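# Structural overview
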Amino acid sequence: MKVQNKVIVVTGGGSGMGREMVLNLLAKGATVIALDINKTALEETSALAGSNKEKLACYELDITNKEAVEQCVDKIISVHKHVDGLINNAGIIQPFVKLNELGYEEIERVIKVNFYGTLYMTKAFLPHLLTRPEAHIVNVSSMGGFLPVPGQTMYGATKAAVKLMTEGLRSELMDTTVRVSVVFPGAVSTNITANSGLGNPSMAASKENNSFTMLSASKAAQLIIDGMEENRYHILVGKDARMMDLLSRLNPGYAAKLIYSKMKGLLVN
Ligand SMILES: NC(=O)c1ccc[n+]([C@@H]2O[C@H](COP(=O)([O-])OP(=O)(O)OC[C@H]3O[C@@H](n4cnc5c(N)ncnc54)[C@H](O)[C@@H]3O)[C@@H](O)[C@H]2O)c1
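Now for a description of the structure that goes with this document. (Residues numbered from 1 in each chain as written. Predicted model: local features only at pLDDT ≥ 70, side-chain atom pairs only at ≥ 80, totals over all residues. Heavy atoms only, no water.)

All right, on to the nonpolar core then. Among the nonpolar cores identified, the biggest contains 46 residues, and I33, L35, M121 and F125 are the most heavily contacted of them. Residue contributions to this core peak at 8 residues, all from helix α4 (residues 104-129). Leaving out residues up to four positions away in the same chain, M121 has contacts with V9, T11, L35, L61, I63, V69, L86 and N88. (Core = buried A, V, L, I, M, F, W, Y, C linked by side-chain atoms within 4.5 Å. Buried < 20%, exposed > 50% of the residue type's maximum accessible area, 1.4 Å probe, protein only. Helix = DSSP H or I, 4+ residues; strand = E, 2+ residues; numbered from the N terminus. Contact = heavy atoms within 4.5 Å.)

Pasting the structure below:
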């Protein structure tokens, strides 16, 4: 679906890839509705939109709150009349510890934001999207959704759930006007660690992690929107995601070992 003159909702529009997608969509002539739990971050996105600001609406929303999601979706549809696209991008990571050391509070938090948040938004918008001449749902998973990243086991499990939910949805909607894509970013330079309440990554961890070159959030956003316009099934973002996607299908055991050896420095213990 071409995004020009369409109305597109982006969750997590206050920061990182979500913010850059908002700016990219506006530049392409879309009307954008940015949602985020962080109101100040949304205001910053709005300021960055410059003269495109009139085509941007921002709403504060916690996507883990089902009732709030449903109310917000009703409000968006009544104010904006129609929505053509939904990009479920908001997400958080877990503390960089092994499952054995990860508490249930942290486990539930990451499941609620990454999986239930995506589910609530999708289910709330789907009946409306099915009435549109054409529509598109884009769900952001992760390279960690098909490959185990040390210290991100539950994060990876939520992203694997997003992957399969999205793939199932695409099949179910094949005979409708709603297209569906799933995104697998590799390492992208954003503030996700701090935004997930984990402080800043340690120098040791960043150094170890540098074996993968980080993509800028604006380049990642461009690749995602291009993939959406081309109706790609899987949108692999970055050389690392493309390479590990191939390797993990050819030799999953080797791929898991490789990623462990490259990224084990991220583990806190
Ligand atoms: N940065 C990476 O390297 C990377 C890699 C793979 C996948 N991803 C995924 O890409 C997506 C975007 O990540 P990013 O790196 O741009 O992160 P980010 O932290 O810069 O942006 C995420 C945004 O989501 C918002 N958010 C968090 N919880 C929310 C909630 N409950 N309700 C509403 N908004 C909420 C945050 O406030 C933030 O503005 C996430 O789903 C992430 O898991 C990121």
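What follows deals with the packing of helix α1 (residues 16-27) against helix α8 (residues 217-229). Packed helices, taken two at a time, are described by the angle between their axes plus the distance between the axes. Relative to each other, α1 and α8 sit at 60°, their axes nearing to 8 Å. It follows from the interaxial angle that α1 and α8 lie oblique. Judged by the twist between their axes, the crossing of α1 over α8 is right-handed. From α1, G16, M17, E20, M21, N24 and L25 reach across to α8, where they touch A217, S218, A220, A221, Q222, I224 and I225. Its residues assigned to classes, the contact of α1 with α8 comprises 8 nonpolar, 4 polar and 1 charged. (Axes fitted to C-alpha atoms, helices over the stretch in contact; angles between N-to-C directions. Parallel < 35°, antiparallel > 145°, perpendicular 65-115°, else oblique. Left-handed = near helix turned anticlockwise from the far one by under 90°. Nonpolar A, V, L, I, M, F, W, Y, C, P; charged D, E, K, R; others polar.)

Every one of the 29 residues lining the ligand counts as a neighbour, but S15, D36, N89, Y155 and T190 are closest to it. D36 places a side-chain nitrogen or oxygen 2.6 Å from an oxygen atom of the ligand. At a separation of 3.2 Å, a nitrogen atom of the ligand approaches a polar backbone atom of I37. Counting only elements with at least two residues in the shell around the ligand, the list comes to α1, α5 (153-172) and α6 (192-195). Tallied by class, the residues present in the shell around the ligand amount to 13 nonpolar, 13 polar and 3 charged. (Near = heavy atom within 4 Å. Polar contact = N/O pair within 3.5 Å; in protein donor to acceptor, adjacent residues only side chain to side chain.)

In space, the 7 strands of this open sheet follow the order β3-β2-β1-β4-β5-β6-β9, with parallel pairing throughout. Taken across any chain shown, the strands that pair with only one partner, and hence form the sheet edges, are β3 (56-60) and β9 (234-237). For this sheet, the mean angle separating the axes of adjacent strands, direction not counted, is 15°. Sheet analysis places strand β6 (residues 178-185) next to β9, joined by 4 bridges and oriented parallel. Across the sheet, F184 pairs through a bridge with L236, a residue of β9. In the packing of α4 onto the sheet, contacts are made with β1 (7-11), β2 (31-36), β4 (85-88), β5 (135-140) and β6, and the angle to β4 comes to roughly 175°. (Pairing = 2+ DSSP bridges.)

What follows covers the pattern of salt bridges. Evaluation of the coordinates by the stated rule reveals 10 salt bridges. Close ionic contact of R109 with E106 constitutes a salt bridge, the shortest N to O distance being 4.0 Å. Of this pair, R109 and E106 both sit in helix α4, 3 residues apart, which is roughly one turn of that helix. Since its relative accessible area comes to 36%, R109 is described here as partly exposed. Residue class for E106 comes out partly exposed when judged on its relative accessible area of 31%. Note that E230 and R232 form a salt bridge whose closest N and O atoms lie 2.7 Å from each other. (Salt bridge = Lys/Arg side-chain N within 4 Å of Asp/Glu carboxyl O.)

Under the criterion given, the structure shown has 3 aromatic pairs. Here the aromatic rings of Y116 and Y120 are separated by 5.7 Å at their centres, their planes lie at 40°, and the arrangement is tilted. A residue pair is termed a helical-turn pair when its members lie 3 or 4 positions apart in one helix, as Y116 and Y120 do in helix α4 at 4 residues. Given a relative accessible area of 35%, Y116 falls into the partly exposed group. Of the residues examined, Y120 reaches a relative accessible area of 19% and is grouped as buried. Judged by centre distance (5.5 Å) and plane angle (75°), the ring pair of F146 and F184 falls under edge-to-face. Of the two residues, F146 is situated in the loop between β5 and α5 and F184 in strand β6; the sequence distance between them amounts to 38 residues. (Phe/Tyr/Trp six-rings, centres within 6.5 Å; stacked < 30°, edge-to-face > 60°.)

Inspection of the sheet shows β2 paired to β3 by 5 bridges, in the parallel sense. Considered in β3, the bridge of L35 is made with Y59. Each parallel crossover has a hand, and the one from β2 via helix α2 (residues 39-48) to β3 is right-handed. (Right-handed = clockwise from strand over helix to strand, strands pointing away.)

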